[in-house]
Amino acid sequence: MANRSIQLVVLLMLAMLPARTAFATPDTVFFPSADGATEIVAYLFKPQTPGPYPGIVMLHGRGGPYSANVNKGCTLVSRTSSSVCNASGLSKRYMMWGQYWAERGYIALLPDSFGPRGKARGFGRFTHDDPDRADVNEKTVRPLDAEGALSWLRSQRDVVSNRIFLEGWSNGGSTALNVMQRRGAKTSGYRAALALYPGCGPKALLAPTLATSVPVTLLLGSDDEEVSAARCQDMAQRSITAGGKIDVVLYPGATHGFDDPGRRRQSIPGNRSALEDAMKRAIAFVERLKN
């Protein structure tokens, strides 16, 4: 039944249903980043069944959480500002994943790290050295937003506080790995992390070896044109040798952003098969950590 449900989701995506038709608009919430200075705007996808629920914090990539159709002129997103970058303007990828988790009984929270800092438009490909990215970087800034998201979810009565997971894409995937690195051997924090096509080089990660006591899964594309899957595999092997619980899945023929449900990405056979497997693997990953 679960496999059939996933296949139906993929078919809907390939049919290119508009996000406003296919997905329900999430709630907008606010919480403080652990940086002590920034109020983060975030989007909450809630199950329709009674709680309490396990949780997923979803960390967007370098393009930001909003659709490229609306984000070009976006700067500040905050409690007091009006912007077309809002809950109804999220990209199809994050709408898809948010609904996917909610339909399976997980409460999903998508924080916007860029909008509250005046950069809701996001960043284009190969802009890692852009100085404008320094104050939203994945090593020292965004992990604090993820820690703030964890604290906020734990404060909600309908959330199972010891079953909160982390999922990140690209720049957000690197952020997720850095959150795990910051946690180290601590006994509290995110239960596990799932990183899709993260950057794994010295500009992206806090350390060349991931030192963490919790399970981590990397989902990589062999034909990734933006980050090096081989570098992530090397990092994972060093981490495994050091005692880390890291699984690596390499999808043949899959590119960067293989789970983007848009027609261009899903016209690539390797991306279609990677997307379907990634969704199956994601739910299996968190479900086996029920206890």
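Notes on the structure follow. (Residues numbered from 1 in each chain as written. Predicted model: local features only at pLDDT ≥ 70, side-chain atom pairs only at ≥ 80, totals over all residues. Heavy atoms only, no water.)

Here Ser174 is to be found in helix H5 (residues 171-183). C-alpha separation for the pair Ser174 and Ala87, spaced 87 residues apart in sequence, amounts to 24 Å. Look past the residues within four positions of Ser174 in its chain and what remains in contact with it is Glu138, Pro198, Gly199, Ala204 and Leu205. Of the polar contacts made by the side chain of Ser174, one reaches the backbone oxygen of Gly199; its length is 2.7 Å. (Helix = DSSP H or I, 4+ residues; strand = E, 2+ residues; numbered from the N terminus. Contact = heavy atoms within 4.5 Å. Polar contact = N/O pair within 3.5 Å; in protein donor to acceptor, adjacent residues only side chain to side chain.)

Bringing the pairing of strand E3 (residues 53-59) into the picture now. When you tally the buried positions in E3, you get seven out of seven residues, the bulk of the element. Pairing of E3 with strand E5 (residues 159-169), which is carried by six bridges, proceeds in the parallel orientation. Of the residues in E5, the one forming a bridge with Ile56 is Phe165. Pairing geometry for E3 and strand E4 (residues 107-112), over three bridges, is parallel. Within the sheet, the bridge partner assigned to Gly55 lies in E4 and is Ile107. Between the parallel elements E3 and E4, the chain passes through helix H3 (residues 92-103) in a crossover that is right-handed. (Buried < 20%, exposed > 50% of the residue type's maximum accessible area, 1.4 Å probe, protein only. Pairing = 2+ DSSP bridges. Right-handed = clockwise from strand over helix to strand, strands pointing away.)

Below, the discussion takes up the environment of Lys119. Structurally, Lys119 can be placed in the loop between E4 and helix H4 (142-154). You can call Lys119 buried: its relative accessible area is 8%. Here the alpha-carbon distance between Lys119 and Asp135, two residues 16 residues apart in the chain, equals 9.9 Å. Those residues in contact with Lys119 that sit more than four places away from it in its chain are Thr75, Phe114, Asp132, Asp135 and Val136. Polar contacts involving the side chain of Lys119 include one to the side chain of Asp135, which spans 2.3 Å.

With 13 residues, H5 should reach 18 Å at 1.5 Å per residue; the first-to-last C-alpha distance of 19 Å fits that figure. Of all 13 residues in H5, twelve are buried; the element is thus mostly enclosed. Asn171, Gly172, Gly173, Ser174, Thr175, Ala176, Leu177, Asn178, Val179, Met180, Gln181 and Arg183 are the residues of H5 that are buried. Each element contacted by the buried residues of H5 is listed here: E3, H4, E5, strand E6 (193-196), strand E7 (216-221) and helix H6 (229-241). (Expected span 1.5 Å × (residues − 1).)

Before going further, it helps to examine the pattern of salt bridges. The full count for this structure, using the stated rule, is 17 salt bridges. Put simply, Arg104 and Glu103 hold a salt bridge, and the shortest N to O gap is 3.7 Å. One salt bridge in this structure joins Asp135 and Lys119, with 2.3 Å as the shortest N-O distance. Of this pair, Asp135 sits in the loop between E4 and H4 while Lys119 sits in the loop between E4 and H4; the two residues are 16 residues apart in sequence, bridging distant segments of the chain. Looking at Asp135, the relative accessible area reads 39%, which means it is partly exposed. (Salt bridge = Lys/Arg side-chain N within 4 Å of Asp/Glu carboxyl O.)

Now for the layout of surface pockets. Taken as a whole, the largest pocket holds about 950 Å³ of empty space. Residue lining of the largest pocket: 33 residues in total, with Tyr66, Ala68, Ser91, Arg93 and Asp260 positioned closest to the centre. Those elements that provide at least two residues to the lining of the largest pocket are helix H2 (19-22), H3 and helix H7 (263-266). Classifying every residue of the lining of the largest pocket gives eight nonpolar, 13 polar and twelve charged. A volume near 420 Å³ is recorded for the second largest pocket. What lines the second largest pocket is a set of 21 residues, among which His128, Gly199, Ala204, Glu226 and Val227 lie closest to the centre. (1 Å grid on protein atoms, 1.4 Å probe; cavity = no way out; pocket = protein on both sides within 12 Å on 5 of 7 lines; lining within 4 Å. Points joined across faces, edges and corners; volume = space filled by probe spheres on them. Nonpolar A, V, L, I, M, F, W, Y, C, P; charged D, E, K, R; others polar.)

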